[in-house]
Amino acid sequence: MMKYKSVLFLFLVFATCAVSFAQDKIERQHRIKKSQFPAEAIQTLTENSSDIKRLKFYQEIDTTQKIYTAKFKKSRLFYEMDFDKNGAFSSAAFAIKQVDIPEDSFQKMANYLSQTFEKVKTRKMFQLYHTNSEESVETIIKNSFQNLMVPNMYYEFIVRGFKNSKKADYEVLFDADGKLVRLKESLPANYDRVLY
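Keep in mind it's a predicted model, so treat the numbers as computed, not measured. (Residues numbered from 1 in each chain as written. Predicted model: local features only at pLDDT ≥ 70, side-chain atom pairs only at ≥ 80, totals over all residues. Heavy atoms only, no water.)

A. Expanded view of helix 2 (residues 39-48). Of the positions making up helix 2, those classed as buried are Ala41, Ile42, Thr44 and Leu45. Looking straight down helix 2, one finds its buried side chains confined to an arc of 160°; they lie on one side. Opposite the buried face of helix 2, by more than 90 degrees, sit the exposed residues Ala39, Thr46 and Glu47. Close packing links the buried residues of helix 2 with strand 2 (53-61), strand 3 (66-74), strand 4 (77-83) and helix 4 (137-145). (Buried < 20%, exposed > 50% of the residue type's maximum accessible area, 1.4 Å probe, protein only. Helix = DSSP H or I, 4+ residues; strand = E, 2+ residues; numbered from the N terminus. Arc of directions from axis to C-beta. Contact = heavy atoms within 4.5 Å.)

Right under this line is the structure:
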C-alpha cells in the first residue's frame, strides 16, 4: 500500500510539472517561417531597411496579444522590430550596453532597480523607439537606425530580480530621462532558441 501511494504521489508531481510547463510554453516567443510572418510587416521591413543580415522571424502569443518580431543585424547592431497581429509596426529596438546610456539617466534606473529588488542582474538592455501619434513609422525606424537620442525614446531592461526571496524575470521600461514607465514580470528565457 505504501509503494502504491509513493508511485501515485510521484506521478502527480510529474503530471503537475508537465501541465505547468505546457502552460508556460504558450506565452514564449518561438521562431517561425517567413511565410508565417504578416505580409504588411515584411513590406515595412523591405521599404525602410537595407543592409540587413541574419534576418529571423518570431511570434509571441500571450493571454492579451500576439506579437511578431523580426530580429536582424544592421551596421554591427542587433535589432528587434515588433509588429502587431495585423502586421502594423509597433516598435524598433537595438541591444545596448551601459556605456550607451547617459550617466544621469542610468543612475536613476540603477537606483530604481536596487530599491525594487533585493538582488538584481541585468541580462539585456535595449534602446527602444515606439510608435506615437506625432511621428511616422518611417521616421521612427530612421531614428532607430541612426541611433538618435530623442526625447520620446525608451530604455528596456531585461532583468532577473529577487523580491520577497522569490526569483523571477522582469521587463523594465524607462523613459529617456530614466523614469520608470512599466515593470512587468515575464517568463524565463526559452533556451531552445538562439536569438542570433
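B. Spatial organisation of the packing of aromatic side chains. Overall, the coordinates contain 13 aromatic pairs when judged by the stated rule. Between Phe37 and Phe83, the aromatic rings sit 5.9 Å apart at their centres with planes inclined by 85°, giving edge-to-face as the arrangement. Pair noted here: Phe37 is in the loop between strand 1 (29-32) and helix 2 and Phe83 is in strand 4, with a separation of 46 residues, a long-range link. With a relative accessible area of 4%, Phe37 lands in the buried category. Take Phe83: its relative accessible area is 1%, and that puts it in the buried class. Ring centres of Tyr112 and Phe174 lie 5.9 Å apart, and the angle between their planes is 80°; this geometry places the pair in the edge-to-face category. Linking Tyr112 in helix 3 (residues 103-116) with Phe174 in strand 8 (residues 166-175), this pair joins segments that are 62 residues apart in sequence. Phe174 sits in the buried class, given a relative accessible area of 0%. A connected cluster of aromatic rings, assembled from ring pairs, spans Phe37, Phe57, Tyr68, Phe83 and Phe89. Above the face of the Tyr58 ring, Lys71 is positioned so that its terminal group lies 4.6 Å from the ring centre. (Phe/Tyr/Trp six-rings, centres within 6.5 Å; stacked < 30°, edge-to-face > 60°. Lys NZ or Arg CZ within 6 Å of the ring centre and 35° of its normal.)

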